[in-house]
Amino acid sequence: MRLDKYLKVSRLIKRRTVANEACDAGRVMVNGKVAKAGTNVKEGDLITISFGNRDVQVEVLQVTETVRKEEAKEMFRYLTENPEK
């Protein structure tokens, strides 16, 4: 699945256009490398997102095309949340 779609479906980022912009700005990394919106995401990948002054790192647990809002948090596991850079 494309990275921008995964970020939206998992609700890590609310809208796909915002996910695209974050990727274009270099604020999203997959497995330690800056990733483009079209990067393929699979189970076991580590995604790091820079939100202003904090970084969020998650591990991809499952890749599903559609998911209910309540089940979206089961698609990933938080590894780190850095309040300050």
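Summary of the structure given here.

Criteria and thresholds
In this convention, every chain numbers its residues from 1, walking through the sequence in written order. Since the coordinates come from a predicted model, pLDDT governs what is reported: local features require at least 70, and pairs of side-chain atoms require 80 or more to be given and counted, while whole-chain, interface and lining totals use all residues. The basis for every side-chain value is the complete set of non-hydrogen atoms in the structure, without hydrogens or water. Residues enter a nonpolar core if they are buried and are Ala, Val, Leu, Ile, Met, Phe, Trp, Tyr or Cys, with the set joined through side-chain atoms within 4.5 Å. Three labels apply to residues, based on accessible area from a 1.4 Å probe with only protein chains included: buried if under 20% of the type maximum, exposed if over 50%, partly exposed otherwise in between. Where helices and strands are cited, they refer to DSSP runs of H or I of at least four residues and of E of at least two residues respectively, numbered from the N terminus. Contact definition: two residues touch when any of their heavy atoms are within 4.5 Å. A pair of strands is labelled paired if DSSP reports no fewer than 2 bridges between them.

## Looking at the nonpolar core
Move 1: Counting 24 residues, the largest nonpolar core has Leu-3, Tyr-6, Leu-7, Leu-12, Val-28, Ile-47 and Ile-49 as its most contacted members.
Move 2: The greatest single-element share of this core, amounting to four residues, is contributed by helix H1 (residues 3–9).
Move 3: Beyond its immediate stretch of four places on either side in the chain, Tyr-6 contacts Met-1, Leu-12, Val-41, Ile-47, Val-60, Leu-61, Gln-62, Val-63, Met-75 and Phe-76.

## Description of the pairing of strand E4 (residues 54–60)
Move 1: Extensive coverage of E4 is indicated by the burial of five of its seven residues.
Move 2: Note: strand E3 (residues 46–51) against E4, six bridges, orientation antiparallel. When the bridges of E4 are listed, Ile-47 appears paired with Val-58.
Move 3: Adjacent in sequence and paired antiparallel, E3 and E4 are bridged by two residues, among which Gly-52 carries a positive phi angle near 60 degrees.

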